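Close look at the chain arrangement
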Amino acid sequence: MDHCHTSGLISLEQALEKLLAQTAPLIVTETINLTESAGRITATDIISPINVPPFDNSAMDGYAIRLADLNENETLPVAGKALAGTAFQGEWPTDSCIRIMTGAPIPSGADAVVMQEQVEITEIGARFTSPVKQGQNIRTIGEDIPQNSIVLPKGTKLSTTQLPLVAALGITKVDVIRKLKVAIFSTGDELQAIGEPLQTGQIYDTNRFAVRLMLEKLGCEVIDLGALPDSPKTLHNAFAEADKLADLVISSGGVSVGEADYTKQILDEVGKISFWKLAIKPGKPFAFGKLENAWFCGLPGNPVSAVLTFYQLVQPLIAHLSGFTEWKPPMRLNAKSTTPLKKSPGRLDFQRGIAAINQDGELEVRTTGHQGSHIFSSYSLGNCFIVLERERGHVEAGETVQIEFFNHLLKNQ
Ligand code: AMP
Ligand code: MG
């Protein structure tokens, strides 16, 4: 494709900027049990009510000492014991040491713990021969998390590593943003529901299934309105219903310029929608805007394009709408292409690739093969997008390209 055909297209960056600038995050929050909060997004900063650890304690099984006592003596009698859960009680005479176990509170005045492997027990007591440093083997109060510090900022999606951290602070309830409600439907006279026999000219409705799976991974509440025929009246009613039920409505199909592409016509009647021709491949046609209440995204019908535009545009939009401010776009890495890649200048291309580390420890990538926007198997064969810059042409084997590994929306790893 030459530049005359692509000059009116908007870039992915411009499209993302518009999406984020025109929309605002949900503000409705709810308080839920920490144990039910995995995958939810925090509505407030989580502040630590306590110090972690809550007191100075020993990192080793050994002996607690005062350095001053060691200046005079090499051997110190053992004056008592401190165990995890049971502190040393009573007077600690000068020129003595305390037997201490991992996790036990540090006796007041101690300034180091010597591990038992470095101590020799004699008739008089414990003999210290290794050099001892001030503070060694002492875990100090608040060293992990100081009291009143922000443990997780507002806008964090609660994960496996974060929830135990919050639990360790004694917190049992969290304020989260309510789940985003997303209504979905697909359009096309040719679409047959999964599980029904195919009649002549029909295909299975794979987009609605794919979109639903991705929405579930993003923690949205999905309202499935089914597959709709290419009928202006039905579409009109579906948009009106979806608008009442959801924060965001996502359709697939009917957004290009074919004869049965009614989505555009209806949206002009019911909302304020822009039709974008994106300078990306696959996925040129994409619609975005507002119905009376809900936001709207119209994905292209071709399944590869529908998934790609969802991944690259709807995923960041949903993060934004859900208040997931800590969301990060996929990381791009350099890799050496081991196969030639077909490409014409003009659009940012997201080819599907298979990336791996070679024998020399370098990241390599190869194509999954045919890159047509109807070849859905390219997603299951691949593990990454090969991202080829807009102006780039054919890639020869051996050239460096950028890749983005598929995240949890596309692959379980
Ligand atoms: P459209 O954007 O409606 O012109 O559709 C473009 C192509 O995608 C056509 O080949 C459609 O049959 C196909 N298509 C549209 N919707 C779906 C769907 N939900 N699942 C699978 N293929 C679809
Ligand atoms: Mg169609």
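Residues numbered from 1 in each chain as written. Chains lettered and ligands numbered in written order. Predicted model: local features only at pLDDT ≥ 70, side-chain atom pairs only at ≥ 80, totals over all residues. Heavy atoms only, no water.

Details of the overall build of the protein
- Counting its regular elements, the protein contains eight helices and 27 strands.
- Here the C-alpha radius of gyration of the protein, 31 Å, is well above what a compact globule of 413 residues would show, namely 22 Å.
- Based on the C-alpha atoms only, the size of the protein along its principal axes is roughly 100 × 50 × 40 Å.
- Burial status across the protein gives 47% buried among its 413 residues.
- The contacts in the protein between residues at least 6 apart in sequence include a share of 71% that link residues at least 24 apart.
- As displayed, the protein offers around 20,400 Å² of accessible surface, 53% of which is attributable to carbon and sulfur atoms. (Helix = DSSP H or I, 4+ residues; strand = E, 2+ residues; numbered from the N terminus. Rg over C-alpha atoms; globule rule 2.2 N^0.38 Å. Buried < 20%, exposed > 50% of the residue type's maximum accessible area, 1.4 Å probe, protein only. Contact = heavy atoms within 4.5 Å. Areas by Shrake-Rupley, 256 points an atom, 1.4 Å probe, with all protein chains shown as cover.)

Here's the deal with the pattern of salt bridges
- A full pass over the atoms with the stated rule returns 13 salt bridges.
- Linked through salt bridges whose partners overlap, the residues forming this network are Asp205, Arg208, Arg212, Glu216 and Asp224. (Salt bridge = Lys/Arg side-chain N within 4 Å of Asp/Glu carboxyl O.)

Brief notes about the UniProt feature "domain: MoaB/Mog" (unreviewed entry) in the protein
- Mapped onto the present numbering, the UniProt feature "domain: MoaB/Mog" (unreviewed entry) falls at residues 183-320.
- Here residues 183-320 is 38% helix and 30% strand, with 17 Å between the C-alpha atoms at its ends. (UniProt positions renumbered as here; feature names shortened; annotations may be inferred.)

A closer look at the pairing of strand 14 (residues 181-187)
- Where burial is concerned, most of strand 14 is hidden: six out of the seven residues are buried.
- With five bridges connecting them, strand 14 and strand 18 (residues 248-252) associate as parallel partners. Note on strand 18: the bridge partner recorded for Ile184 is Ile250. (Pairing = 2+ DSSP bridges.)

What to know about the site of ligand 1
- Close contacts around ligand 1 come from 16 residues, with Glu190, Asp205, Thr206, Gly254 and Gly301 the closest.
- Residue Thr206 places a main-chain N or O atom 3.1 Å away from a nitrogen atom belonging to ligand 1.
- Contact distances for ligand 1 include 3.4 Å between a nitrogen atom and a backbone N or O atom of Asn207.
- At the level of secondary structure, the elements contributing two or more residues to the shell around ligand 1 comprise strand 16 (203-204) and helix 4 (206-217).
- Among the residues forming the shell around ligand 1, the class breakdown is four nonpolar, nine polar and three charged. (Near = heavy atom within 4 Å. Polar contact = N/O pair within 3.5 Å; in protein donor to acceptor, adjacent residues only side chain to side chain. Nonpolar A, V, L, I, M, F, W, Y, C, P; charged D, E, K, R; others polar.)

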